[in-house]
Amino acid sequence: MTMADDFDPPIGIPQVIEPNIRRIVAPNPSPMTYKGTNTYLVGTRDIAVIDPGPADERHLTALLSCVTGRQRITQIIVTHSHLDHSPLAARLSEVTGAPVLAFGGPFAGRSPVMQHLADAGLSGGGEGIDLSFSPDICVSDGEVISGSDWALKVIHTPGHLGNHIALAHGDICFTGDHVMGWASSLVSPPDGDLTDFMASCARLKCHPWRRFLPGHGDRIEAPHDRLEWLISHRKAREAAILDYLADGPANVVKITHHVYHDTPAALIPAAQRNVIAHLIDLQGKFQVAFTGPLDVTTSFERTDRYHR
């Protein structure tokens, strides 16, 4: 689901978001990336680059042009290894000598449930995992990354991807794709895990944030309202799925057609992946069941005692 806004940033031109934070949007707009990937530069002397973005030399040139005088890029931090966030990291590191930091490679942080499904043959929906991504330094939950005038605390927020992290900068949080400024996040098993996603939302709610800076879309000025919306949105999807299954078993295609009836055709494949994520989460809560291989044609049925 997308939310209307007037976000129309200049592409490739840095904008000051906070006194020591700049945002520069990559030239990769699409139905899944909105206006493009937000890259953030943190610091006034030692510069941390958060989410360098896709492998695009134009974006590399734009990022390097932001570093002037005695400034230098000292850390390159990747919130997660999707192709619109991580590929430019290696090239930027090569040019600047700065190390690449992340939670781990493309399958780091994957839950045991999702690993079991992957081993059983469930594949992703083509969301663009950067399979070659390998950070120089793996960071852990709670670790602090710092420069001359800034500090970022790592918060492991699996859900959109197992290796996803958010970064706390005082009362500001860089949320990557866990909380976006224009739509709800895609959760596509086995790379994404809805159970983890909801737990990560609950964890972020425990902090007194002033502002979220997301991987796509504009800054979020009411972080807790946005989190409440995300949680309510997912619960509403869950309720709609269970309500539909109350009439009898159905597969992912039929459920998606019912639950995402107002979704543009181009986004239906992503909607189907979200439905699979919900069904796996509901199976873990013993509310639905299926037999055989898991794909869009698999039939699911409710297992709870009382239907509507």
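Here, every reference points to the structure presented above.
Residues numbered from 1 in each chain as written. Predicted model: local features only at pLDDT ≥ 70, side-chain atom pairs only at ≥ 80, totals over all residues. Heavy atoms only, no water.

## Considerations on the overall build of the chain
Helix and strand content of the chain: seven helices and 15 strands. Taking 308 residues into account, the globule formula puts the C-alpha radius of gyration at 19 Å, and the chain, at 20 Å, falls close to it. Its C-alpha atoms give the chain principal-axis dimensions of roughly 65 × 40 × 35 Å. Within the span of the chain, comprising 308 residues, buried residues form 54% of the whole. (Helix = DSSP H or I, 4+ residues; strand = E, 2+ residues; numbered from the N terminus. Rg over C-alpha atoms; globule rule 2.2 N^0.38 Å. Buried < 20%, exposed > 50% of the residue type's maximum accessible area, 1.4 Å probe, protein only.)

## Quick look at the packing of helix H4 (residues 194-205) against helix H5 (residues 223-245)
Viewed as axis vectors pointing N to C, H4 and H5 meet at an angle of 155°, and their least axial separation amounts to 10 Å. Classified by the interaxial angle, the pair formed by H4 and H5 is roughly antiparallel. Where H4 crosses over H5, the handedness of that crossing is left-handed. Contacts between H4 and H5 involve Leu194, Phe197, Met198, Cys201, Leu204 and Lys205 from the former and His224, Leu227, Glu228, Leu230, Ile231, Arg234 and Lys235 from the latter. Residues belonging to the contact of H4 with H5 are distributed by class as follows: eight nonpolar, one polar and four charged. (Axes fitted to C-alpha atoms, helices over the stretch in contact; angles between N-to-C directions. Parallel < 35°, antiparallel > 145°, perpendicular 65-115°, else oblique. Left-handed = near helix turned anticlockwise from the far one by under 90°. Contact = heavy atoms within 4.5 Å. Nonpolar A, V, L, I, M, F, W, Y, C, P; charged D, E, K, R; others polar.)

## Remarks on the packing of aromatic side chains
Under the criterion given, the structure shown has five aromatic pairs. Consider the rings of Tyr40 and Phe174, whose centres lie 5.2 Å apart with planes at 65°: the pair is edge-to-face. Highlighted residues: Tyr40 in strand E3 (residues 38-42) and Phe174 in strand E11 (residues 172-176), separated in sequence by 134 residues. According to the relative accessible area criterion, Tyr40 is buried, its value standing at 2%. A residue is classified by how much of its surface remains accessible, and Phe174, at 1% relative accessible area, is buried. An aromatic cluster of three or more residues is present, and its members are Phe7, Tyr34 and Trp182. Here the basic side chain of Lys35 rests over the ring of Tyr34, its NZ or CZ set 5.2 Å away from the ring centre. (Phe/Tyr/Trp six-rings, centres within 6.5 Å; stacked < 30°, edge-to-face > 60°. Lys NZ or Arg CZ within 6 Å of the ring centre and 35° of its normal.)

## Side note on the pairing of strand E4 (residues 46-50)
For E4, the tally of buried residues reaches five of five residues, placing the bulk of the element in the interior. Residues Asp46, Ala48 and Ile50 point to one face of E4 and Ile47 and Val49 to the other, with burial holding for every one of them. Hairpin connection of E3 to E4: three residues between the antiparallel strands, including Gly43 at a positive phi of 115°. Across five bridges, E4 lies against strand E5 (residues 72-77) in parallel orientation. Looking at the pairing, Val49 lines up with Ile76 of E5. (Pairing = 2+ DSSP bridges.)

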